[in-house]
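Results of the structural survey
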Amino acid sequence: MTVADKTVSGTKVSITIDGQPVEVDQGQTILDGCRSAGVDTPTICYADNLTPVNVCRVCVVEVDGNRTLVPSCSRPAEEGMVVHTDSDRVRHSRKMVLEFLGSGVDLSQATEIGPWMDHYGADTARYGESPEGMNETVKIQDDLYIRDYDKCVLCYKCVEACGDDAQHTFAIAVAGRGFDARISTEFDVELPESACVYCGNCIGVCPTGALQFKSEFDMREAANWRPEEHTVTTTVCSYCGVGCNLELHVQDDTIVKVTSPADHSVTSGHLCVKGRFGWQYVQPPTRR
Amino acid sequence: MPDLSFTDDVASAGEKAVVDEVLAVAGTAVIFETDRLIRAGLARRNERRDLLLPALHALQKESGWISPGGLNYACDQLQVPPAEGYGVASFYELFRMEEPEHEGDVVHVCIDAACQVAGNEELAQRLEAEGNHVHRGPCLGQCERAPAVFIQGLRKPDSVPADADNPLAFHQQGDPSLRLLHRLGVVDPTSLGSYLENGGYKALAKAVEMGADAVIAAVRDSGLSGRGGAAFPTGIKWRGVADETGRPRHVVANCDESEPGTFKDRILMENDPFSVIESLIIAGLATGAERGWIYIRGEYPLATERLQNAIDQSRQSGYLGDDVIRSGKRFDIEIRRGAGAYICGEETALFNSLEGFRGEPRNKPPFPTTHGLFGEPTSINNPETLVNVLDIVVRGADVYRETGTERSPGTKLFCVSGHVANTGIYEVPFGTTLGELIDLAGGATGEIQAVLMGGAAGSFVGPDAMDLPLTLEATREAGTTLGSGVVMVFDTSVNMTEIVVRITEFFRGESCGQCVPCRVGVVRQHETVVELTQKGTLEPVKAQLIDDMAMAMADASICGLGHTAAGALQSALRLGLIGGSQ
């Protein structure tokens, strides 16, 4: 499902965002309106290539006439809506969501979340010395990718990418309840025993580095991960005739991970195991 | 079924048999590949997935846990991905995901407020000493006979020991002013004949004669509002569903009352089950729904049995089926048991649970009247709300409104527990004061320290609140709530800190975990309160933190659980029940 599915072309809806009149297509969300109005809005569980699940609540806004705040990512704009994205209530809830996440989850590699924490003044120190965290150990079960659920914010993106929104493999789901909820295979069996087909689309959508290429993980462990030096080369996958775009991330003349652009018409950012992981032949140890 | 992947674990013959038994009621639960090609476009994953929860119940009862082989078999039969099946099963308190070390039943002992002050821990220890496997868990909905016990049977039906030997906790028998409970203790709850002798099914006959629109108009004019806590006008809800013509519609009885301190619907269902069925039929005919559902707590085996019996007898006599009392309308009811999850009392979480998904609330809008069960228009009401309709239909909205107040018409059921002489269910007109209600329950047995109104999701009031009129408007103005009708009295012997700490722990255990403000907020709130009890005083920065967390949970959570999770704590702090004045 893509964002385009929900719009009804031709019909326009007028709303007001922070005093500014904004026009969006019928069916588009408040977040779409914010973006077209140039109002920067934090998101964590939202992605353009996934169905909104509105669980992280960091994108909440105040809408006149609504008792509680509403998630801008999934609330369709309605004619005449008056939206506030920077009221005290909005700033407070966004700050608290970020504090809550920061107080129990390792966000050290969540490059998009960090700046928002600074922006809203999230103070994770006030939760005492040892607020309960995820208490997980890194799952390394193969050479392709690792799962470090200490970094997991339960945004559901990987579940969606594995399921209805991209891969239709359904190898993982949310299990357990409340603070004990975790992303899991059935009975937490190791990935090779599960339905996982190693498309890596879960890695592609993970916002915190909880899911990571093994290559990246190993280099980070060796303090050798230098993204500022990466070059990104766009190419077309050579395995079949579909024509998926690949973005090869290269460090020290070596491919270290592969992504696909979320707005690519063929992939919507999603790949299969061959495109995602089938590049080792380019750089076998024997050719180096 | 080539595209689902399973581990090698295999179900036992017993597990296969019990799952097959569940699925047999539905004929073929899964549409297989060839049919699917013919019926292209139908989502395979949604076909009879609503049988997943019954299948899991069957597995739990057969093996004492959800074994990998058993889960594989149920998921294969229903074509549910096993990872999702595991996600669903692990959501519920009553399902165990690890093989138990003991053989036999699990004895659940309640650890919530009413049982805390009634010696629940002593009971649990005694039961353990007797060799039982005891599980200490959240409210079991038997607060009038605390401490509460519920037995989850291994290869035998679940049971509640108190059902066998406790008298009905109802002290208003013969009171002519009763509108909802007049049959309690009078009617034989297992007999349709007895129900008919006591005025049963008269409302249905009249409703058929009036026609759907007139019934909805009467419900609207009566001012009836939902009795589960949200107080939404029932007539508006029914009108909304009725207007969704051309689509399959549903009516659901929300019998998942799980708010600590609440047991009114249980007593009503156990002692007058036909009235719940009759009113649900009226709801179905009025809204144009052909399917009625009862979603009832897993911890209510007697109520479940009596409702099922009432459905069976009613169907045999033509009150349910293809032509309800020759009205030309079709309507039937299915029962689904919950499996231990407070959150499934939230209407959209209930829909997800019934459909075989995790009991996570949905974002609203859209609302159930347009997108409810299976995405179809649905009216969902609890038993107390439904039973009000019988009175409204029989006597008319004007007469109904003669009781109660202008903005809170009618009568209300209250669950009075804790330190009163006669705990139990009470029906009083809206506007009765808190003190009058407590007097009706025989008065407090000690000096009142505080009263918990509305349950864990409600708030405490002090002994100075005895003149508070019990109406929606007056409680709201006083900063408290009627909620689901909980009135739990604590005398001065109670250490309120323990009660409040447990309430915060309750929310920590019952948050579904979906949205960040609630999933993390309830944990940080509990941690902060535990720290407060250890230090003895509440530092200003922590007081600020509690308020900050409360505001974010109330503003940004998806559902009512997060919205109300801080209410009891904040009221306890305001009243000085905890936090430094000890």
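Treat the numbers as computed from the prediction; the structure is a model and nothing was measured.

Here the focus is the overall build of chain A. Looking only at helices and strands, one finds seven helices and 13 strands in chain A. Taken over the C-alpha trace, chain A has a radius of gyration of 20 Å; the compact-globule value for 288 residues is 19 Å, and the two agree within 12%. C-alpha extents for chain A along the principal axes are approximately 65 × 50 × 40 Å. Put simply, chain A has 288 residues, and 47% of those count as buried. Looking at chain A alone, contacts between residues at least 24 apart form 54% of all its contacts between residues at least 6 apart.

With that out of the way, let us pick up the overall build of chain B. Broken down by element type, chain B carries 25 helices and twelve strands. Projected onto the principal axes, the alpha-carbon positions of chain B cover approximately 70 × 60 × 45 Å. The buried share among the 582 residues of chain B stands at 58%. In chain B, the proportion of contacts linking residues at least 24 apart, taken out of those at least 6 apart, comes to 73%.

Below, the discussion takes up the interface of chain A and chain B. In this complex, chain A contributes 43 residues to the contact, which on the side of chain B involves 41 residues. Among the elements of the structure, helix H2 (88-104) and strand E8 (173-175) of chain A are those that each provide at least two residues to the side of chain A that touches chain B. At nine residues, H2(A) tops the list of elements feeding residues into the side of chain A that touches chain B. Looking at side-chain class alone, the side of chain A that touches chain B contains 23 nonpolar, 13 polar and seven charged residues.

Residues and elements named next belong to chain B. For chain B, the assigned domains read domain 1 (13-89), domain 2 (106-165), domain 3 (192-401), domain 4 (411-491) and domain 5 (496-574). The centre of domain 1, based on its C-alpha atoms, is set 27 Å off from the matching centre of domain 3. In this complex, domain 1 contributes ten residues to the contact, which on the side of domain 3 involves nine residues. Breaking the side of domain 1 that touches domain 3 down by element, the ones donating at least two residues are helix H3 (52-63) and helix H5 (82-89). Looking at the side of domain 1 that touches domain 3, the element that brings in the most residues is H3, giving five residues.

Residues and elements named next belong to chain A. Where strand E3 (residues 60-63) meets strand E4 (residues 70-71), two bridges bridge the pair, whose relative direction is antiparallel. Among the inter-strand pairings, Val61 is bridged to a residue of E4, identified as Val70. In this structure, the hairpin formed by E3 and E4 is closed by a connection of six residues, where Gly65 is found at a positive phi of approximately 95 degrees. Pairing of E3 with strand E5 (residues 82-84) involves two bridges; the strand directions are antiparallel. By the bridge assignment for E5, Glu62 is matched with His84.

Another point: the environment of B:Ile438. Residue and element names in this part refer to chain B. Tracing the backbone through its elements, the reader meets Ile438 in helix H19 (residues 434-440). Residues Ile438 and Met466, 28 residues apart in the sequence, show an inter-C-alpha distance of 8.6 Å. Every residue in contact with Ile438, bar those within four places of it in the chain, is listed here: Val420, Gly443, Ala444 and Val489.

So, on to the pairing of strand E12 (residues 486-491) of chain B. Residues and elements named next belong to chain B. In terms of residue burial, E12 counts as a mostly covered element, since five of its six residues are buried. Two strands pair when backbone bridges link them, and strand E10 (residues 448-453) and E12 are joined in this way by five bridges, in the antiparallel orientation. Counted as the bridge partner of Ile448 is Asp491 from E12.

Our next topic: the nonpolar core. In a soluble, globular protein the nonpolar side chains are often hidden away together inside. Residue and element names in this part refer to chain B. Judged by nonpolar contacts, the single largest core of 260 residues is most densely connected at Ile282 and Val451. A per-element tally of this core places helix H14 (residues 273-287) first, with nine residues. Non-local contacts of Ile282, meaning those with residues more than four positions away in its chain, are made with Ala203, Leu204, Ala207, Val215, Val389 and Val393.

All right, on to unusual backbone geometry then. Here the amide bond leading from B:Ala146 into B:Pro147 is cis, since omega sits at 0 degrees, within 30 degrees of zero. With omega at 0 degrees, the peptide bond leading from B:Lys364 into B:Pro365 counts as cis. Relative to the helices and strands, B:Pro365 is located in the loop between helix H16 (347-355) and strand E7 (378-381). The phi dihedral of A:Arg57 is positive, around 65 degrees, even though this residue is not glycine. Locating A:Arg57 in the fold gives a position in the loop between helix H1 (30-36) and E3.

Right, let's get into the sheet that holds strand E3 (residues 149-152) of chain B. Residues and elements named next belong to chain B. The strand order across the open sheet built from three strands is E2-E1-E3, with neighbouring strands paired in mixed fashion. The open sheet is flanked by strand E2 (134-137) and E3, the only strands paired with a single partner. Going from strand to strand, the sheet's axes swing by 30 degrees on average, the running direction of each strand aside. When strand E1 (residues 106-110) meets E2, the two strands line up parallel, connected through four bridges. Bridging across to E2, Val107 finds its partner in Val134. Where helix H7 (residues 120-129) meets the sheet, its contacts fall on E1 and E2, and the angle it forms with E1 comes to roughly 165 degrees.

This part covers the sheet that holds strand E9 (residues 424-429) of chain B. Residue and element names in this part refer to chain B. Taken in spatial order, the five strands of this open sheet run E9-E8-E12-E10-E11, and their pairing is mixed. One side of each edge strand has no neighbouring strand; the edge strands of this open sheet are E9 and strand E11 (459-461). Taken over all neighbouring pairs, the strand axes of this sheet differ in orientation by 30 degrees on average, direction set aside. Examined bridge by bridge, strand E8 (residues 411-418) and E9 share six bridges and lie antiparallel to one another. Paired with Thr411 across the bridge in E9 is Pro429. Here helix H25 (residues 567-574) sits on the sheet in contact with E10 and E11, set at roughly 25 degrees to E11.

Let us now look at the environment of B:Ser63. Residues and elements named next belong to chain B. Along the chain, Ser63 falls in helix H3. Under the C-beta neighbour-count criterion, Ser63 is labelled buried, with 21 such atoms within 10 Å. Ser63 sits 177 residues away from Gly240 along the chain, and the two C-alpha atoms are 44 Å apart. Apart from residues no more than four positions distant in its own chain, Ser63 is found in contact with Glu15 and Gly70.

Rules used throughout
Here the residue numbering is sequential within each chain, running from 1 through the sequence in written order. Just so you know, chain letters begin at A and ligand numbers begin at 1, following the order they were written in. Owing to the predicted nature of the model, reporting of local features is limited to residues with pLDDT of at least 70; listing and counting of side-chain atom pairs is limited to 80 or more, with chain, interface and lining totals taken over all residues. Helix and strand labels come from DSSP, where a helix needs a run of H or I of at least four residues and a strand needs a run of E of at least two; each type is numbered from the N terminus. We compute the radius of gyration over the C-alpha atoms and compare it with the globule rule, which gives 2.2 Å times the number of residues raised to the power 0.38. Exposure classification rests on a simple neighbour count of other C-beta atoms within 10 Å of a residue's own: a residue reaching 20 or more is buried, one at 12 or fewer is exposed, and one in between is partly exposed. C-beta atoms are placed from the backbone. By the criterion used throughout, residues are in contact when their C-beta atoms, derived from the backbone, lie within 7 Å. Lys, Arg, Asp and Glu make up the charged group, whereas Ala, Val, Leu, Ile, Met, Phe, Trp, Tyr, Cys and Pro make up the nonpolar group; the residues left over, Gly among them, are polar. Domain start and end points were adopted from an automatic or database domain assignment. One bridge is not enough; two strands pair if DSSP finds at least two bridges between them. For this analysis, nonpolar core means a set of buried Ala, Val, Leu, Ile, Met, Phe, Trp, Tyr and Cys residues linked through C-beta atoms within 7 Å. In this analysis an axis means a line fitted to C-alpha atoms, helices contributing only their contacting stretch, and an angle means the value between N-to-C directions, from 0 to 180 degrees.

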